[in-house]
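Each chain, written out:
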Amino acid sequence: VQLQASGGGLVQAGGSLRLSCAASVSIFSINVMGWYRQAPGKQRELVAQITSGGSTSYADSVKGRFTISRDNAKNTMYLQMNSLKPEDTADYYCNSIVFSVSGPANYWGQGTQVTVSS
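The notes below deal with the structure included here. Computed from a prediction, not measured in an experiment: that's the story for all the values here.

### A word on the overall build of the protein chain
Within the protein chain, the regular secondary structure consists of 0 helices and 11 strands. From first element to last, N terminus to C terminus, the protein chain shows the α and β order β-β-β-β-β-β-β-β-β-β-β. Taken against the 2.2 N^0.38 rule, which gives 13 Å for 118 residues, the C-alpha radius of gyration of the protein chain at 14 Å falls within 12% of a compact globule. Once the C-alpha set of the protein chain is aligned to its principal axes, its extents read approximately 45 × 30 × 25 Å. For the protein chain, the share of sequence-separated contacts (at least 6 apart) that also reach a separation of at least 24 residues comes to 54%. Per element, the accessible surface of the protein chain, about 6100 Å² overall, is 48% carbon and sulfur. Averaging the positions of the 9 positive and the 6 negative side-chain charges in the protein chain gives two centres separated by 4 Å.

Rendered as structure tokens:
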């Protein structure tokens, strides 16, 4: 599974961005997709996840501001980010988990940089 993230950029606080993660395979086969972020000097953290059934979960820091979704027809996952804050500044990575008889397999896309100015 190859993942291609895009949509990052520079935005002022209070603004919005939408990140996209395009998969090289049908995302019907991907059990869980998610977005992680890593700020300079910090560990990578989970931002949001969505299952193949459409269940979603969010980090407390982004609840009510970010929305994760997936378009199975386009094999693409999205992260709509509203009311952005300077502390949202980070490299954002998309992730997919595929379960098989041999266990879960993790796949990562390259990062897309989000910078929020105050």
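After that view of the structure, there is still more to cover.
### Things to note about the packing of aromatic side chains
Geometrically, a pair of aromatic rings is defined through the distance of the ring centres and the angle of the planes. In total, this model carries 1 aromatic pair according to the counting rule given. Ring geometry for Tyr 36 against Trp 108: centres 4.9 Å apart, planes inclined by 65°, an arrangement best described as edge-to-face. Of this pair, Tyr 36 sits in strand 4 (residues 32-38) while Trp 108 sits in strand 10 (residues 103-108), placing them 72 residues apart in sequence. The buried category is assigned to Tyr 36, whose relative accessible area is 17%. In this structure, Arg 44 packs its charged tip against the face of Tyr 93, placed 3.8 Å from the ring centre. Above the face of the Trp 108 ring, Arg 44 is positioned so that its terminal group lies 4.7 Å from the ring centre.

### Describing the sheet that holds strand 3 (residues 17-23)
Ordered by their spatial adjacency, 4 strands build an open sheet running 1-3-8-7, and the pairing between neighbours is antiparallel. Single-partner strands in this sheet number two, and they are strand 1 (3-6) and strand 7 (66-71). The average angle at which neighbouring strand axes cross in this sheet is 15°, direction not considered. Summarising the sheet, strand 3 and strand 8 (residues 76-81) pair through 6 bridges and their orientation is antiparallel. Along strand 8, the bridge assignment pairs Arg 18 with Gln 80.

### Digging into the state of the cysteines
Evaluated as defined, the whole model comprises 1 disulfide. Disulfide partner of Cys 21: Cys 94, at an S-S distance of 2.3 Å. On the sign convention where negative means left-handed, the S-S torsion of about 70° between Cys 21 and Cys 94 marks this disulfide as right-handed. In this pair, Cys 21 sits in strand 3 while Cys 94 sits in strand 9 (residues 90-100), placing the two residues 73 residues apart along the sequence.

### Things to note about the pairing of strand 11 (residues 112-117)
Side-chain positions along a regular strand alternate between the two faces of the sheet. Across the two faces of strand 11 the burial differs, with Thr 112, Val 114 and Val 116 buried and Gln 113, Thr 115 and Ser 117 not buried at all. Of the strand pairs in this sheet, strand 2 (residues 9-12) and strand 11 are connected by 4 bridges, and their pairing is parallel. What sits directly across from Leu 10, in strand 11, is Thr 115. The sheet contact formed by strand 9 and strand 11 spans 3 bridges and is antiparallel. By the bridge assignment, Asp 91 is partnered in strand 11 with Gln 113.

About the criteria used
- Residues numbered from 1 in each chain as written.
- Predicted model: local features only at pLDDT ≥ 70, side-chain atom pairs only at ≥ 80, totals over all residues.
- Heavy atoms only, no water.
- Helix = DSSP H or I, 4+ residues; strand = E, 2+ residues; numbered from the N terminus.
- Rg over C-alpha atoms; globule rule 2.2 N^0.38 Å.
- Contact = heavy atoms within 4.5 Å.
- Areas by Shrake-Rupley, 256 points an atom, 1.4 Å probe, with all protein chains shown as cover.
- Lys, Arg positive; Asp, Glu negative; His and termini not counted.
- Charge placed at Lys NZ, Arg CZ, Asp CG, Glu CD.
- Phe/Tyr/Trp six-rings, centres within 6.5 Å; stacked < 30°, edge-to-face > 60°.
- Buried < 20%, exposed > 50% of the residue type's maximum accessible area, 1.4 Å probe, protein only.
- Lys NZ or Arg CZ within 6 Å of the ring centre and 35° of its normal.
- Pairing = 2+ DSSP bridges.
- Axes fitted to C-alpha atoms, helices over the stretch in contact; angles between N-to-C directions.
- Disulfide = S-S within 2.5 Å.

On their own, these measurements won't tell you what the molecule is for.
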